[in-house]
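# A look at the structure
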2 protein chains.
Amino acid sequence: MTTLDRTVNVKEQAKKAQVASKSLSLLTTEEKNEALLIIADELEKETEFILNENKKDLDRGTEKGFTEAFMDRLRLTEERVKDFANGLREVAELEDPVGEVISDWNLDNGMQVEQVRVPLGVIGMIYEARPNVTVDATGLALKSGNAIVLKGGSNALNSNKGIVRVIHEALPKTKIPAEAVQLIATTDREATSQLFTMKDHIDVLIPRGGGALINTVVNNATVPVLETGVGNCHIYFDETAQPEKAIDILINAKTDRPAVCNAVETLIVHTKWLEENKDLLEKSLADNNIKVHGDDHIVNTFKEAVPADEDDWSNEYLGLEIAIKTVNNTQEAIDHIETYGTKHSEAIITEDAKSASLFRNLVDAAAVYHNASTRFTDGSALGFGAEIGISTQKLHARGPMGLPALTTIKYCMTGTGQIR
Amino acid sequence: MTTLDRTVNVKEQAKKAQVASKSLSLLTTEEKNEALLIIADELEKETEFILNENKKDLDRGTEKGFTEAFMDRLRLTEERVKDFANGLREVAELEDPVGEVISDWNLDNGMQVEQVRVPLGVIGMIYEARPNVTVDATGLALKSGNAIVLKGGSNALNSNKGIVRVIHEALPKTKIPAEAVQLIATTDREATSQLFTMKDHIDVLIPRGGGALINTVVNNATVPVLETGVGNCHIYFDETAQPEKAIDILINAKTDRPAVCNAVETLIVHTKWLEENKDLLEKSLADNNIKVHGDDHIVNTFKEAVPADEDDWSNEYLGLEIAIKTVNNTQEAIDHIETYGTKHSEAIITEDAKSASLFRNLVDAAAVYHNASTRFTDGSALGFGAEIGISTQKLHARGPMGLPALTTIKYCMTGTGQIR
């Protein structure tokens, strides 16, 4: 679609969100928590309505012949509705970052300086056809005192409209203005583009989804972007890697949830380690049905390996496949990661402290592991509670982003007439 | 100029900076401090050379008929060289943010998590014809473990080349690789544009200068930008503002350094306060040669006032002029700031705690003042030491940016084979 859907007015919606964000920013933690619990109850109560709306999207998806993986992300069930309602209840339990005085001091002239944590204002969330993100993102935004403008994937439009309708029916029973939650309810792509440049009304854009979506937002937005996570993650078996430990970590990072961003995509292996452990590695991969794309050395060593090309080194498989690269030392492993990594999660398995330290210091990534699985790069695994995404950029927030990532600071100065 | 200057290869320079940033990131605080002191000495020793190079720019500027204000920013003197050399010595005294363990904890499974402060990597600095920025930015970048790519204003090209030549002669006497400091030595605008999208080699762009420069970078860059400060700052005299205190603050904020971003540009005044204090205000402005652009009410009240238009409300005067807007309550003042402010520094002068609190909570700016001058929004005034600029954006850093704004975090995990 290229013509503008005139039933939506993106700018008006963003402005309304901005106005609502002002009163929302003044609410107490208790008022926000109570609102989240009311929304959670309402969503559960309206499960049938939500599932009916979701069914419209599913039927359309079946007609269009979407993949089962796609349909699975789109599909809501009674249990999934309960899950996201419970997610809101968990967010209500989290510590409220807003109002925290991060530091305070007095100047010599007596002027008091306070560095206070405040909401960002309006968050623009751009995501794919995953209706649960509608609820998760709204919960995190509201808890951190922010209004939210939601633009979900077109193929989940009915589901998102249903969910937001329920949220809008719940909000008047709370202190949060209903206009704090805005859904851009159109399949018109032009509407998304309008969000990219709405600097006067939107404080941050958070794209969540595949690489193509994220790149479109990063390349076109003048609104600041919190880039979230494509994870082309590596595990490096150093010469001294303890074989069983190494294999356990590899298989866990590859098979526990192959479709997530902290799953491993490339194994880098020291040639000496490989020489001594090739049978163990080959058997473990085969036992777990993991297809191997390897460099020349690997193709010559493993019967079932196929040759890897640039794509294999660069892209996520998000399934039971792995690329394997051989190296002669830690620096070569670091260089490979520098070339192909996405600055997400990188691991070294070694018993050598010097290699571990080199890897830790020189690998440029949100999370660097020594002798542990890359799967721990995750807000709930690290104890942050729910996360809005995993940042692979370096500014503002890096790694799993919890509630503080949705805030900024304000300097509040109190004087008695101080001049300079 | 629109054709590409083939004597420079921006991408090669950015790549070299990136390579250099790796070894730079491993240096100790002492090694970095020693390097800064050596550079400072060398700059002072080469004062004559630097002034000669600067003279080429000044002569060209005179020929081209640049304004005196422009020439003043461009001009170096023996004292100014001493000043920026001393600036480097002060940066050497500042605390090194790199390596700080911001927090650390163990998961239940025993995996250790450390959140460590690390350099951003490569900083791209885009600025106007102010040669001192070349030294200041380089000092802050190196101290925080970052390489820097400098693109200064074309009219200061000879000065910048001279300064960077001296720095490059000093660096081999230090542990810092000379390639960590790169000057894009061309007047070709295309070279600047190339920096905008060099995401693979530059971690952050910092534009420093006027609104036009900043907007060009923000609108065209895909590299993350740290937006620095256009300051259309307001002071609001509430109904209960103590007259002498209010006037002192206003005159200080307007006249102390009218050309800087934390100077006040618009006075908002409560009609009741104005009624009682109009003579005092009119006389104080006249005594300080401040030209008044006012709304209808002001034009009817003050003999010398001229009518203000949209431009007066929106733009910085950066000189001895002020816009004056009358309002009937604090909310109207807040609304005016919301419409025209640039989220820099905003002040309320009042003896009423409720008004002060409303203003503090609802005004969306890096710094909000109660009964003090806006002039304190400044790294050195607040005790941060040297600053790389004043951020008027909300992500990553807000307000005066010291060394920590040039760092990011890295999660360093240490395990014994933990899997999920």
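Residues numbered from 1 in each chain as written. Chains lettered and ligands numbered in written order. Predicted model: local features only at pLDDT ≥ 70, side-chain atom pairs only at ≥ 80, totals over all residues. Heavy atoms only, no water.

## Let's talk about the overall build of chain A
Put simply, the rule is: Think of it this way: any DSSP run of H or I at least four residues long counts as a helix, any run of E at least two long counts as a strand, and we number them from the N terminus. Throughout, exposure labels follow a simple rule: accessible area from a 1.4 Å probe, protein chains only, divided by the maximum for the residue type, with under 20% read as buried, over 50% as exposed, and the rest as partly exposed. By definition in these notes, contact holds between two residues if any of their heavy atoms fall within 4.5 Å. The Shrake-Rupley method, run with a 1.4 Å probe, gives the accessible areas here. Residue values count only the displayed protein chains as cover.
Along chain A, the regular secondary structure elements total 16 helices and 16 strands. A principal-axis box enclosing the C-alpha atoms of chain A has dimensions of 70 × 70 × 40 Å. Taken across its 420 residues, chain A has 57% of its residues classed as buried. For chain A, long-range pairs separated by at least 24 residues make up 72% of all intrachain contacts whose partners lie at least 6 apart in sequence. Accessible area for chain A stands at about 16,900 Å²; split by element, carbon and sulfur atoms hold 46% of it.

## Let's talk about the pattern of salt bridges
Note that side chains of opposite charge can pair when their charged atoms are close. In plain terms, the rule: What makes a salt bridge here is a side-chain nitrogen of Lys or Arg within 4 Å of a carboxyl oxygen of Asp or Glu, nothing more.
This structure, assessed with the given rule, holds 49 salt bridges over all chains. Arg117 of chain A is the partner of Glu100 of chain A in a salt bridge, and the nearest nitrogen-oxygen pair spans 3.1 Å. Of the two residues, Glu100 of chain A is situated in the loop between α5 (78-93) and β1 (101-106) and Arg117 of chain A in strand β2 (residues 112-119); the sequence distance between them amounts to 17 residues. One salt bridge connects Lys245 of chain B with Glu351 of chain B, and the closest N-O pair in it is separated by 2.9 Å. Here Lys245 of chain B, found in helix α10 (residues 243-255), pairs with Glu351 of chain B, found in the loop between β12 (345-349) and α15 (353-362); they are 106 residues apart in sequence, far enough to count as distant. Its relative accessible area of 45% is what places Glu351 of chain B among the partly exposed residues. Salt bridges sharing partners connect three or more residues here, namely Asp203 of chain A together with Lys343, Asp364, Lys394 and Arg398 of chain B.

## So, the sheet that holds β12 of chain B
Worth spelling out the cut-off: Paired strands, as defined in this entry, are two strands with at least two bridges between them according to DSSP. Note on geometry: axes are lines fitted to C-alpha atoms, helical ones only across the stretch in contact, with angles between N-to-C directions running from 0 to 180 degrees.
Read from one edge of the open sheet, ten strands run β1(A)-β2(A)-β16(A)-β13(B)-β12(B)-β7(B)-β8(B)-β11(B)-β9(B)-β10(B), paired in mixed fashion. Because the sheet does not close on itself, it has two edges, and the strands there are β1 of chain A together with β10 (306-307) of chain B. Looking at chain direction, strand β9 (residues 291-294) of chain B and β10 of chain B are connected through two bridges and run parallel. Within β10 of chain B, the residue paired with His293 of chain B across the bridge is Val306 of chain B. Seen against the sheet, α10 of chain B touches β16 (407-418) of chain A together with β7 (233-237), β8 (264-270), β11 (321-327), β12 and β13 (367-372) of chain B and runs at an angle of roughly 170° to β7 of chain B. Against the sheet, helix α14 (residues 330-340) of chain B makes contact with β7, β8, β11 and β12 of chain B, and its axis sits at roughly 175° relative to β7 of chain B, the strand it touches most.

## Description of the sheet that holds strand β6 (residues 204-208) of chain A
All names here are of chain A. The strand order β5-β4-β3-β6 describes an open sheet built from four strands, whose pairing is parallel. Two strands lie at the open edges of the sheet, namely β5 (181-183) and β6, each paired on one side alone. The average angle at which neighbouring strand axes cross in this sheet is 20°, direction not considered. Sheet topology note: the strand β3 (residues 122-127)/strand β4 (residues 147-151) ladder contains five bridges and is parallel. Counted as the bridge partner of Met125 is Leu150 from β4. Together, β3, β4 and β5 form the strand contacts of helix α6 (residues 131-143), whose direction differs from that of β4 by roughly 160°. Across the sheet, helix α7 (residues 157-170) touches β3, β4 and β5, and the angle it forms with β5 is around 155°.

## A few points about the packing of aromatic side chains
What counts, and what does not: Note on aromatic pairs: the rings of Phe, Tyr and Trp (six-membered ring only in Trp) are paired at centre separations within 6.5 Å, and the planes decide the class, stacked below 30 degrees, edge-to-face beyond 60, tilted for the rest.
This structure, assessed with the given rule, holds ten aromatic pairs over all chains. Ring geometry for Phe384 of chain A versus Trp105 of chain B: centroids 6.0 Å apart, planes at 55°, classification tilted. In this pair, Phe384 of chain A is assigned in the loop between α16 (379-382) and β14 (389-391) and Trp105 of chain B in strand β1 (residues 101-106), connecting two distinct chains. With relative accessibility at 24%, the residue Phe384 of chain A sits in the partly exposed group. Trp105 of chain B sits in the partly exposed class, given a relative accessible area of 23%. Each ring, one from Tyr411 of chain A and one from Phe384 of chain B, has its centre 6.2 Å from the other, and the planes form 50°; the classification is tilted. Taken together, the residues Tyr411 of chain A in strand β16 and Phe384 of chain B in the loop between α16 (379-382) and β14 (389-391) connect one chain to another. By way of ring pairs, the aromatic residues Trp105 and Tyr411 of chain A together with Phe384 of chain B are connected into one cluster.

## So, the relation of the copies chain B and chain A
Using the following cut-off: Our superposition of the copies is a least-squares fit, built on the C-alpha atoms of residues whose pLDDT is at least 70 in both.
With an RMSD of 0.0 Å, the operation that places chain B on chain A is a rotation of 180° combined with a shift of 0.0 Å along the axis. The two molecules are tied by a two-fold rotation axis, judged by turn and shift. Measuring from the rotation axis to each C-alpha of chain B, the shortest distance belongs to His396 of chain B, at 1.8 Å. A share of 100% of interface residues in chain B that are also interface residues in chain A marks the association as one of identical surfaces.

## A closer look at unusual backbone geometry
Phi is positive for Asn371 of chain A, close to 60°, though the residue is something other than glycine. Mapped onto the fold, Asn371 of chain A is located in strand β13 (residues 367-372). Even without being glycine, Leu318 of chain B reaches a positive phi, approximately 55°. Take Leu318 of chain B: it is sitting in the loop between α13 (310-314) and β11.

## Observations regarding the environment of Pro307 of chain B
Residue and element names in this part refer to chain B. Along the chain, the position of Pro307 falls in strand β10. According to the relative accessible area criterion, Pro307 is exposed, its value standing at 60%. Residues Pro307 and Asp296, eleven residues apart in the sequence, show an inter-C-alpha distance of 6.9 Å.

## Here we look at the domain arrangement of chain A
Note the threshold: Here the limits of each domain have been adopted from an automatic or database domain assignment.
Domain parsing of chain A yields domain 1 (10-228 + 397-414) and domain 2 (233-380). Between the C-alpha centres of domain 1 of chain A and domain 2 of chain A there is a distance of 35 Å.

## Here's the deal with the interface of chain B and chain A
To keep it simple, the criterion reads: Two parts placed together each lose some accessible area under a 1.4 Å probe, and the buried area is that loss summed for both. In protein, a polar contact requires one atom able to donate a hydrogen and another able to accept it; more generally it is a pair of N or O atoms within 3.5 Å, and residues adjacent in sequence count only if both atoms are side-chain atoms. Residues are grouped as follows: Ala, Val, Leu, Ile, Met, Phe, Trp, Tyr, Cys and Pro are nonpolar; Asp, Glu, Lys and Arg are charged; every other residue, Gly included, is polar.
Chain B puts 69 residues into the contact, and the matching count from chain A is 70 residues. On the chain B side of the interface with chain A, the three residues burying the most area are Leu395, Tyr411 and Arg420 of chain B, jointly 14% of the side's total. Seen at the junction of chain B and chain A, the total is ten salt bridges. The salt bridge partner of Arg420 of chain A is Asp378 of chain B, with a shortest N-O separation of 3.7 Å. Linking chain B with chain A are 42 residue pairs in polar contact (both at pLDDT 80 or more), by the criterion used here. The class makeup of the residues in the side of chain B that touches chain A is 33 nonpolar, 19 polar and 17 charged. Judged from the five bridges that link them, β16 of chain A and β13 of chain B form a sheet pairing that is parallel.

## A closer look at the environment of Glu12 of chain B
Residues and elements named next belong to chain B. Tracing the backbone through its elements, the reader meets Glu12 in helix α1 (residues 10-24). Given a relative accessible area of 35%, Glu12 falls into the partly exposed group. Taking the C-alpha atoms as reference points, Glu12 and His201, separated by 189 residues in sequence, lie 9.6 Å from one another.

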